[in-house]
Amino acid sequence: MSAFLGRYRGQTRVHTDSDLRVFLRWCADHDLDPLAAARVDIERYVRWLQDVRRYQPSTVSRRLSVVVGFYRVCVIDALLEHSPADYVRRPTVPAESPTLGLGHLQYEAMITTARKSSNPNDFALVALLGLLGLRIFEACGSNIADLGEEHGHRVLRVRGKGGKVVLVPLPPAVARAIDQAVDDRTAGPILRNAHGRRMDRHAATRRLKHLAHTAGIRMPRMHPHMLRHTFVTTMLDAGVSLREVQIAARHADPRTTMRYDRARKNLDRHPNYILAAYMASGT
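Residues numbered from 1 in each chain as written. Predicted model: local features only at pLDDT ≥ 70, side-chain atom pairs only at ≥ 80, totals over all residues. Heavy atoms only, no water.

Per an unreviewed UniProt entry, the recorded name for the protein chain is Tyrosine-type recombinase/integrase, and the organism is Micromonospora zamorensis.

1. As for the confidence of the model for the protein chain
For the record, the criterion: The predictor rates its confidence in each residue with pLDDT, a number between 0 and 100. Strands are runs of DSSP state E lasting at least 2 residues, helices are runs of H or I lasting at least 4, and numbering of each runs from the N terminus.
On average, residues of the protein chain score 88 in pLDDT, and 93% of them are at 70 or above. Across the protein chain, element-level confidence peaks in helix 6 (residues 120–130) with a mean pLDDT of 96 and bottoms out in helix 13 (residues 271–278) with 74.

2. A short note on the packing of helix 2 (residues 10–29) against helix 3 (residues 39–52)
Stated formally: Note on geometry: axes are C-alpha line fits, over the in-contact stretch for helices, and angles between N-to-C directions span 0 to 180 degrees. Note on terminology: angles under 35 degrees are roughly parallel, angles over 145 are roughly antiparallel, angles of 65 to 115 are roughly perpendicular, and the others are oblique. Less than a right angle of anticlockwise turn of the near helix away from the far helix marks a crossing as left-handed, whereas a clockwise turn marks it as right-handed. Note on definitions: a residue-residue contact is assigned when non-hydrogen atoms from the two residues lie within 4.5 Å. Throughout this entry, Asp, Glu, Lys and Arg are counted as charged residues, while Ala, Val, Leu, Ile, Met, Phe, Trp, Tyr, Cys and Pro are counted as nonpolar. The remaining residues, Gly among them, count as polar.
At their nearest, the axes of helix 2 and helix 3 sit 11 Å apart, and the two run at 110° to each other. Considered as vectors, helix 2 and helix 3 are oriented roughly perpendicular to each other. In this structure, the crossing between helix 2 and helix 3 has a hand that is right-handed. Facing helix 2, whose interface residues are D19, V22, F23 and W26, helix 3 presents D41, I42, R44, Y45 and W48. Taken together, the residues that form the contact of helix 2 with helix 3 break down as six nonpolar, no polar and three charged.

3. What to know about a nonpolar patch on the surface
Selection criterion: Surface patches are drawn from residues lacking salt bridges whose relative accessible area is over 30%; two like charges belong together within 9 Å, two nonpolar side chains (Val, Leu, Ile, Met, Phe, Trp, Tyr) within 5 Å. Note that accessible areas follow from Shrake-Rupley with a 1.4 Å probe, and for residues the cover is restricted to the protein chains shown. Salt bridges, as used here, are contacts in which a Lys or Arg side-chain nitrogen is within 4 Å of a carboxyl oxygen on Asp or Glu. Residue exposure (1.4 Å probe, protein chains only): buried if accessible area is under 20% of the type maximum, exposed if over 50%, otherwise partly exposed.
On the surface, a nonpolar cluster with roughly 380 Å² of combined accessible area is contributed by L275, Y278 and M279. Summarising the element assignment, L275 is placed in helix 13. For L275, a relative accessible area of 53% translates into the label exposed.

4. Remarks on the nonpolar core
The condition is simple: Throughout, nonpolar core names a set of buried Ala, Val, Leu, Ile, Met, Phe, Trp, Tyr and Cys residues whose side chains join them through atoms within 4.5 Å.
Judged by nonpolar contacts, the single largest core of 40 residues is most densely connected at M110, V126 and L128. Going through the elements one at a time, helix 5 (104–116), helix 6, helix 7 (136–141), strand 2 (153–159), helix 8 (172–182), helix 9 (201–214) and helix 10 (225–237) are the ones with two or more residues in this core. When residues of this core are assigned to their parent elements, the largest contribution, seven residues, is made by helix 6. Filtering out sequence-adjacent residues up to four positions away, L128 remains in contact with G133, L134, A139, L156, V174, I178 and L191.

5. What to know about unusual backbone geometry
If you check the backbone angles, D183 has positive phi at about 60° while not being a glycine. Along the chain, D183 falls in the loop between helix 8 and helix 9. Owing to a relative accessible area of 60%, D183 belongs among the exposed residues under this scheme. Not every positive phi belongs to a glycine, and R250 is a case in point at roughly 60°.

Structure (structure tokens):
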């Protein structure tokens, strides 16, 4: 297990470890030695994720990928002759993301409510997630020492997936929100909880639920990723190119960005119209 996890770093390693432990616990509950598992056992695990735990197809696919990777390393290290996860059927992941993002007016209401909140961390939290598109672990992990300037721009040094570090420019509204949260502190986390310690994803979720309720936003469930989702969909709705949105969201694969594009089936934006307008002189 350590040899497999050693291939990953940062939060990717944490999440991979969590997913692998789910499989190992399932094996223990079924008196199954993971190194003696057959393909049918992996199929049973997938059915358990789908039918008992009722996870979304994307979650099932991700956890199966971790199992596939684990057994691939076992084969590489000569612990097994072949992988029992080979040829296991993967669930079909919908082309569109199941996450519900906020509409333009809803997010404006969220920002206004956060700006007026007596808790300065609210405005900074909503800005970091929705205006910068940070993942929740990136926002909560940001420190005052990560703030700086680059070529005349205020920037935030963000540690993303796999330990990758990127410089994210701060629009004036985001810079003001961060300044309010930081106040006169010179060190420590940017976002803090009610006890003055670093905010975590659970505290962030509670604050977002409170802000949504105060703003009159009715959603089935509010969680931090909804604001990152809103960051992507709002830019796409505003006409920003898919490539530029992919770069801003730091998606390695453009297909990930495309899953957020709720308007790509809108016939008003069909490329046929663009081609016809371009060739208007001949048509």
